[in-house]
Amino acid sequence: MKIQQISKHIWSVRAWMIIPCHVWLVVEAEGITLVDAGVPWMAGSIQKLIDRLGAGPLRRIVLTHGHPDHVGSIKKIVQASPVPIYAHRLEIPCAEGDLPYPGKSKPVPQVAKGLLRPLTELAEGEIASIGALRPFFTPGHSPGHVVYYHEKDDVLLTGDLFNSKRGKLLPPRATPNPDEARRSARIVEILKPHRLEVCHGDTVYRPAEQMDDFFKIAKR
């Protein structure tokens, strides 16, 4: 397990499961926001980091999506810290097992029924900020995939919207709707973050400068 501070307010915890798997802890004024919950064996390291930071308790968990490698430690974490967990409303039926994920033959619950709360959607079709993070709806890899932008640190936490290798943006693996995912990737051109983080890969700096090359790769 590797712990790294990636910006003033954001820390990452990385585990290995053949490929890297990252979650992120965001230091807020009133405590900690956890972005994704990784695989089950990450729970202890996440809790130890929360304690070590001394920035207050865990206040909430926000999910990019509900695949098992993004929700695996939720059960252990909420046993110790019963906090609200948020996901996009379109993700919740798949994550809770009411609907199958696209590309799957049957529904499989990844979290307990009724555990997830929908992110607040505004009248303009945007998603309300949650803590210091601005969520953006980026479907394709999953029906309700969301990325989270930390404006003060200029960091975009992208879950499985992308993969990366040696600082180069790559298309995500196992994506049932790649055309939709490519459209969602345009968020990088809008936000132009200084730093982009993925679940399965490493940091990408100035990702907007890579988008032409990314779309060439993604269309192959």
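Residues numbered from 1 in each chain as written. Predicted model: local features only at pLDDT ≥ 70, side-chain atom pairs only at ≥ 80, totals over all residues. Heavy atoms only, no water.

1. Digging into the overall build of the protein
In terms of helices and strands, the protein carries 7 helices and 14 strands. The C-alpha radius of gyration computed for the protein amounts to 16 Å, which stays within 12% of the reference 17 Å derived for 220 residues, consistent with globular compactness. A total of 220 residues make up the protein; the buried ones form 54% of that total. The contacts of the protein with a sequence gap of at least 6 include a subset with a gap of at least 24, amounting to 59%. Per element, the accessible surface of the protein, about 10300 Å² overall, is 52% carbon and sulfur. Put simply, the protein has 29 plus and 23 minus side-chain charges, and the middle of one group is 6 Å from the middle of the other. (Helix = DSSP H or I, 4+ residues; strand = E, 2+ residues; numbered from the N terminus. Rg over C-alpha atoms; globule rule 2.2 N^0.38 Å. Buried < 20%, exposed > 50% of the residue type's maximum accessible area, 1.4 Å probe, protein only. Contact = heavy atoms within 4.5 Å. Areas by Shrake-Rupley, 256 points an atom, 1.4 Å probe, with all protein chains shown as cover. Lys, Arg positive; Asp, Glu negative; His and termini not counted. Charge placed at Lys NZ, Arg CZ, Asp CG, Glu CD.)

2. What about the pairing of strand β3 (residues 19–28)?
For β3, the tally of buried residues reaches 8 of 10 residues, placing the bulk of the element in the interior. By the bridge criterion, 8 bridges tie strand β2 (residues 10–17) to β3 in an arrangement that is antiparallel. When the bridges of β3 are listed, Met17 appears paired with Ile19. Taking the residues between adjacent antiparallel strands as the criterion, β2 and β3 are bridged by 1 residue, where Ile18 takes a positive phi near 80 degrees. As judged from the 5 bridges shared by β3 and strand β4 (residues 31–35), these two strands associate in the antiparallel manner. In the strand pairing of β4, Val26 is matched with Thr33. (Pairing = 2+ DSSP bridges.)

3. Quick notes on the sheet that holds strand β14 (residues 204–205)
Paired through their backbone hydrogen bonds, the strands of a sheet run either parallel or antiparallel. The sheet built from 5 strands is open, its strands ordered β8-β9-β10-β13-β14 with mixed pairing. The strands lining the two open edges of the sheet, one partner per strand, are β8 (133–137) and β14. Alignment of strand β10 (residues 155–157) against strand β13 (residues 195–197), held across 3 bridges, turns out to be parallel. Within β13, the position partnered with Leu157 by the bridge is Glu197.

4. Observations concerning the packing of aromatic side chains
Tallied over the full model, the rule gives 2 aromatic pairs. With 5.1 Å between their ring centres and 75 degrees between their planes, Phe162 and Phe214 make a pair best called edge-to-face. You can see Phe162 sitting in the loop between β10 and β11 (163–165) and its partner Phe214 sitting in helix α7 (residues 211–218), a full 52 residues away along the chain. We classify Phe162 as buried; its relative accessible area is 0%. Residue classification places Phe214 among the buried positions, given a relative accessible area of 3%. Their ring planes at 70 degrees and their centres at 5.4 Å tell us that Phe214 and Phe215 sit as a pair that is edge-to-face. Judged by its relative accessible area of 7%, Phe215 is buried. Three or more aromatic residues joined by ring pairs form one cluster here, namely Phe162, Phe214 and Phe215. (Phe/Tyr/Trp six-rings, centres within 6.5 Å; stacked < 30°, edge-to-face > 60°.)

5. Topic: the pattern of salt bridges
A full pass over the atoms with the stated rule returns 9 salt bridges. Here Glu28 ties to Arg60 by a salt bridge, and the two come within 3.7 Å at their closest N and O atoms. Note that Glu28 is positioned in strand β3 and Arg60 in strand β5 (residues 58–62), a separation of 32 residues in sequence. Taking the relative accessible area as the measure of exposure, Arg60 reaches 14% and is therefore buried. (Salt bridge = Lys/Arg side-chain N within 4 Å of Asp/Glu carboxyl O.)

6. Some remarks on the sheet that holds strand β7 (residues 116–118)
Across the sheet, which stays open at both edges, the 7 strands sit in the order β1-β2-β3-β4-β5-β6-β7 with mixed pairing between neighbours. Looking along the sheet, the strands with just one partner apiece sit at the ends: β1 (2–5) and β7. Direction aside, the axes of adjacent strands within the sheet are offset by 30 degrees on average. For strand β6 (residues 85–87) and β7, the ladder comprises 3 bridges, and the chain directions are parallel. Across the sheet, Ile85 pairs through a bridge with Leu116, a residue of β7. (Axes fitted to C-alpha atoms, helices over the stretch in contact; angles between N-to-C directions.)

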